[in-house]
Amino acid sequence: MSVLRALRQVTASSSRSVTRTVARSGPLRLATVQLAPQASMTAARAFSASARCFSEGSTDVVLSQKLAEELKYEKEAVADASGEPEFLKTFKEQGIWEIQDVAGNDEVTLVRKFGNETIRMMFSIADIQSAEEEPEYEQEEGEGGEDQPLHSYPIRASFSITKGNGKGSINIDTMCQEGAFIIDNMSYYPDAQLGTELTAEADWKRRGLYIGPQFDTLDVSVQEEIEKWIQERGINENLAAFVPEYSEYKEQKEYVRWLDNVKNFVDA
């Protein structure tokens, strides 16, 4: 920015000198006027050279500074929390679920074995951003503030259950909220690959299949037994408490990575 300011001062100074020269000397007016465009062209070339240093944009420097400030703030905010958070260490020590988390992706997959079954769970950190955009209403004092869960926003989570010695798969769509999984739908696919494959073609084929009734329309006794069945497989309150915590943890890491990547691109 100091270079640009110096160039502006040089240009302004040259213009003022030309104006004063024209006012004082009539006979030299033509020669002086002819020199003015040359001075402007020199300043323009210097400005153009400076602009190329900042990736051809006049706003690059300011944007880079703002990104650097935000990046510094976010890194300082988590500076004290070095290493893995305690909730993540505890979850891994249990040795039940394997976390499959790819840097740069907004989806997280948890996998576990239960007998001859393979259970796969998927959720997205994008739901956190959607929840933050919703209006927040202040709670009046004395209305059970202590009973409110720390993470009350909903996160969609889907489960697929397959068996090594059997065909087909069961898929369960849920909403993870307030420390519990609320089942929305339970579907069965006769082809396990069709039920678990994450491709556009497989998704298109699934749309034409009957996926079963809405869960809350089932007989209450059937609902209760299904809930017991999935809880036995580790789809319980402990897992429901882990999902929002890990979502916030990953979202923070991805945000810092995004800031760093954008800043590096602007500076290149």
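Coordinates for the structure precede this section.
An account of the accompanying structure is given in this report.

Reading the values: the criteria
Residues numbered from 1 in each chain as written. Predicted model: local features only at pLDDT ≥ 70, side-chain atom pairs only at ≥ 80, totals over all residues. Heavy atoms only, no water. Helix = DSSP H or I, 4+ residues; strand = E, 2+ residues; numbered from the N terminus. Contact = heavy atoms within 4.5 Å. Areas by Shrake-Rupley, 256 points an atom, 1.4 Å probe, with all protein chains shown as cover. Pairing = 2+ DSSP bridges. Axes fitted to C-alpha atoms, helices over the stretch in contact; angles between N-to-C directions. Phe/Tyr/Trp six-rings, centres within 6.5 Å; stacked < 30°, edge-to-face > 60°. Buried < 20%, exposed > 50% of the residue type's maximum accessible area, 1.4 Å probe, protein only. Arc of directions from axis to C-beta. Parallel < 35°, antiparallel > 145°, perpendicular 65-115°, else oblique. Left-handed = near helix turned anticlockwise from the far one by under 90°. Nonpolar A, V, L, I, M, F, W, Y, C, P; charged D, E, K, R; others polar.

### Details of the overall build of the protein
Right, on to step 1. Helix and strand content of the protein: 9 helices and 6 strands.
Right, on to step 2. Across the protein, the fraction of contacts at a sequence separation of at least 24, relative to all contacts at a separation of at least 6, is 57%.
Right, on to step 3. Roughly 17,900 Å² of accessible area belongs to the protein as shown, and the carbon and sulfur atoms make up 52% of that amount.

### Focus: the side chain of T109
Right, on to step 1. Tracing the chain through its elements places T109 in strand β2 (residues 107-114).
Right, on to step 2. Apart from residues lying up to four places away in sequence, T109 is in contact with E98, I99, Q100, R120, M121 and M122.

### Section: the sheet that holds strand β4 (residues 155-163)
Right, on to step 1. Spatially, the 6 strands line up as an open sheet ordered β1-β2-β3-β4-β5-β6, and their pairing is antiparallel. Sheet topology places β1 (98-101) and β6 (180-189) at the edges, where each strand pairs with a single neighbour. Neighbour to neighbour, the strand axes of the sheet diverge by 20° on average, direction disregarded.
Right, on to step 2. Relative to strand β3 (residues 117-124), β2 runs antiparallel, the two being bridged by 8 bridges. If you follow F114 over to β3, its bridge partner there is E117.
Right, on to step 3. Sitting on the sheet, helix α8 (residues 220-232) touches β2, β3, β4, β5 (169-177) and β6, and the angle it makes with β6 is about 95°.

### Points about the environment of Y73
Right, on to step 1. Topologically, Y73 is positioned in helix α3 (residues 60-77).
Right, on to step 2. Considered as a pair, Y73 and V256 are 183 residues apart in the sequence and their alpha carbons are 9.9 Å apart.

### Comments concerning the packing of aromatic side chains
Right, on to step 1. Counted according to the given criterion, the structure contains 7 aromatic pairs.
Right, on to step 2. Ring geometry for F87 and F242: centres 5.8 Å apart, planes at 50°, overall tilted. On the criterion of sequence distance, the pair formed by F87 in helix α4 (residues 86-94) and F242 in helix α9 (residues 237-267) is long-range, its members being 155 residues apart. The exposure classification of F87 matches that of F242, with both residues buried.
Right, on to step 3. Aromatic pair Y255 and W258: ring centres 6.2 Å apart, planes at 15°, arrangement stacked. Here Y255 pairs with W258, and both are found in helix α9, just 3 residues apart, close to one helical turn.
Right, on to step 4. Owing to a relative accessible area of 26%, Y255 belongs among the partly exposed residues under this scheme.
Right, on to step 5. Through successive ring pairs, a cluster of aromatic residues spans F87, F91, F242, Y246 and Y249.

### Topic: α4
Right, on to step 1. Those residues of α4 lying buried are F87, L88 and F91. Projected down its long axis, α4 shows its buried positions confined to an angular sector of 100°, all on one face. Residues of α4 that are exposed and angled more than 90 degrees away from the buried face: E86 and E93.
Right, on to step 2. Tucked into the core, α4 has its buried residues touching β1, β2 and α9.
Right, on to step 3. Just downstream of α4, G95 is the residue with a positive phi angle, here 65°.

### What about the packing of α3 against α9?
Right, on to step 1. One way to put it is that α3 packs onto α9 with a least axis distance of 9 Å and a crossing angle of 155°. What the angle tells us is that α3 and α9 run roughly antiparallel. Here the hand of the crossing between α3 and α9 comes out left-handed. Contact residues: D60, L63, S64, L67, A68, E70, L71, E74 and K75 in α3; Q252, Y255, V256, L259, D260, V262, K263, V266 and D267 in α9.
Right, on to step 2. The residue makeup of the contact of α3 with α9, split by class, is 9 nonpolar, 2 polar and 7 charged.

### A short note on the packing of α4 against α9
Right, on to step 1. Relative orientation of the contacting elements α4 and α9 amounts to 130°, with a least axis distance of 10 Å. Between α4 and α9, the crossing angle belongs to the class labelled oblique. The crossing of α4 and α9 is left-handed. Taken together, the residues of α9 that come into contact with α4 (itself represented by F87, L88 and F91) are L239, F242, E245, Y246 and Y249.

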